[in-house]
Amino acid sequence: MPVRRGRALAPSTGRRPWTFYVLATLFTLYVIALYGPMVCIYILSFQDVRGGLVFPMRGLSLHWFVDLFTQVRTGDVKGAFSRSIRLAVVVTLITVVISFMSGLAFRKRFAGDSVVFYLMIGSLVAPGLVLGIGVGLICNVLGIETSWYTTALGAQLSWTLPFGVLVMFAVMSRFDSAWEEAARDLGASPWQTTVLVIVPILAPGLVAVALFGFTLSYDEFTRTLLTAGSLNTLPLEIWSMTLNVTSPSLYALGTVTTLISFLIIGVCLGTIARIQKRRAAGPAAH
């Protein structure tokens, strides 16, 4: 048979095509547009007492961070931060538990499972502000006073639970039921199988659901706006500060909340890494 002769590749000249430089420029502009405003806020939050809301900077100090937690005129930052943390922790716990139970329940088909699934994720379709208005109106009709630990909790769960369930479905799709069968064959009870087999195997997924739920709750604004009552959470407090605070204290608050967010993410990622390391070291030890 005749041998096909392909076209010989041209020797590389060591130069990149012009499209590389175009795409690199676009990517650089994208990164600047994405992180540039954040970097400006972080820098301006370290201004001296003479500093304003714009460049150029006037001195360098931690004055606005101290002012943030000491001056009443900046708002109830301490209380708002405390409420947001407590609310996010409760939302996270409920989201993890219900998502885990939903993942176990949906491993087998049952009557009306499609209806239940679409009802769970239906709140993702509705705009958050509209859903918050609906929760507020229902509470008004029922005579329930809106507060951050009741109505705001329910409104935020309508946002975090669908994401938690979807993440848990993805995790459960890779779970091998043979591990449960082996535990039952060895005499484990259903409770022991769940606690000693299923939970440790799904631990990284549960941490991911917790991280997702905490982040969504801690930063939630639209669903909390009309359901938090008279006491603001931190996103609502930041929004109110934009209306009356004209100092870099607002920038300092943004810097603090960003550091806290990165700290929480680091703790969760470190937990996942320790779980994976312990799991990898388990078979080697035996």
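All values derive from a computational prediction rather than experimental measurement.

The rules behind these values
Residues numbered from 1 in each chain as written. Predicted model: local features only at pLDDT ≥ 70, side-chain atom pairs only at ≥ 80, totals over all residues. Heavy atoms only, no water. Helix = DSSP H or I, 4+ residues; strand = E, 2+ residues; numbered from the N terminus. Rg over C-alpha atoms; globule rule 2.2 N^0.38 Å. Buried < 20%, exposed > 50% of the residue type's maximum accessible area, 1.4 Å probe, protein only. Contact = heavy atoms within 4.5 Å. Areas by Shrake-Rupley, 256 points an atom, 1.4 Å probe, with all protein chains shown as cover. Lys, Arg positive; Asp, Glu negative; His and termini not counted. Charge placed at Lys NZ, Arg CZ, Asp CG, Glu CD. Phe/Tyr/Trp six-rings, centres within 6.5 Å; stacked < 30°, edge-to-face > 60°. Lys NZ or Arg CZ within 6 Å of the ring centre and 35° of its normal. Core = buried A, V, L, I, M, F, W, Y, C linked by side-chain atoms within 4.5 Å. Axes fitted to C-alpha atoms, helices over the stretch in contact; angles between N-to-C directions. Parallel < 35°, antiparallel > 145°, perpendicular 65-115°, else oblique. Left-handed = near helix turned anticlockwise from the far one by under 90°. Nonpolar A, V, L, I, M, F, W, Y, C, P; charged D, E, K, R; others polar. Salt bridge = Lys/Arg side-chain N within 4 Å of Asp/Glu carboxyl O. Patch = residues over 30% accessible without salt bridge, like charges linked within 9 Å, V, L, I, M, F, W, Y side chains within 5 Å.

A separate point is the overall build of the protein. Across its full length, the protein carries twelve helices and zero strands. Listed N to C, the secondary structure of the protein is α-α-α-α-α-α-α-α-α-α-α-α in terms of helices and strands. Whereas a compact globule of 286 residues would reach a radius of gyration of roughly 19 Å, the protein reaches 26 Å, over 25% beyond that. When the 286 residues of the protein are sorted by exposure, 34% land in the buried category. Within the protein, contacts between residues at least 6 apart in sequence are counted, and of these 70% link residues at least 24 apart. For the protein, the accessible area works out to roughly 18,000 Å², and carbon and sulfur atoms hold 70% of it. Computing the positive centroid from 21 side-chain charges and the negative centroid from 12, the protein places the two 15 Å apart.

Attention now goes to the packing of aromatic side chains. Using the criterion set out here, one finds eleven aromatic pairs in the structure. Ring geometry for F106 against F169: centres 5.2 Å apart, planes inclined by 50°, an arrangement best described as tilted. Taken together, the residues F106 in the loop between α3 (77-105) and α4 (113-121) and F169 in helix α6 (residues 151-172) connect sequence positions 63 residues apart. The exposure class assigned to F106 is partly exposed, which follows from its relative accessible area of 21%. Ring geometry for F175 and W179: centres 5.5 Å apart, planes at 75°, overall edge-to-face. Exposure remark for W179: the relative accessible area of 39% places this residue in the partly exposed category. Counting every residue linked through ring pairs, the aromatic cluster contains F106, F117, Y118 and F169. If you follow R16 out to its NZ or CZ, it ends over the ring of F20, 4.3 Å from the centre.

Okay, the nonpolar core next. In this structure, L68, Y218, M241 and L253 are the most contacted members of the largest nonpolar core, which totals 15 residues. Core analysis: the next-biggest nonpolar cluster, separate from the first, contains eleven residues, V96, M168, I198 and L206 among them.

What follows deals with the packing of α3 against helix α9 (residues 203-218). Closest axis-to-axis distance for the α3/α9 pair is 8 Å, and the angle between their directions is 140°. When the interaxial angle is binned, α3 and α9 end up oblique. Regarding α3 and α9, the two cross each other, and that crossing is right-handed. Residues F81, S84, I85, L87, A88, V89, V91, T92, T95, V96, S99 and F100 of α3 form the contact with α9, whose own contacting residues are L206, V209, A210, G213, F214, S217 and Y218. Residues belonging to the contact of α3 with α9 are distributed by class as follows: 13 nonpolar, six polar and no charged.

Time to look at the pattern of salt bridges. Applying the stated rule across the entire model yields two salt bridges. The partner of R107 in a salt bridge is E180, with the nearest N and O atoms 2.4 Å apart. Taken together, the residues span a long stretch of sequence, with R107 in the loop between α3 and α4 and E180 in helix α7 (residues 178-185) at a distance of 73 residues. Relative accessible area serves as the criterion here: at 36%, R107 is assigned to the partly exposed category. Note that E220 and R223 form a salt bridge whose closest N and O atoms lie 3.8 Å from each other. The pair formed by E220 and R223 is uniform in burial state, with each residue classed as buried.

Here α4 crosses α6 at 130°, and the two axes come no closer than 8 Å. When the interaxial angle is binned, α4 and α6 end up oblique. Contacts between α4 and α6 pair F117, M120 and I121 from the former with P162, V165, L166 and F169 from the latter. Per-class residue counts for the contact of α4 with α6 are seven nonpolar, no polar and no charged.

Before going further, it helps to examine a nonpolar patch on the surface. A contiguous nonpolar surface patch, about 830 Å² in accessible area, is contributed by F27, Y30, V31, L34, Y35, M38, V39, I43 and F55. Within the secondary structure, V31 is located in helix α1 (residues 18-44).

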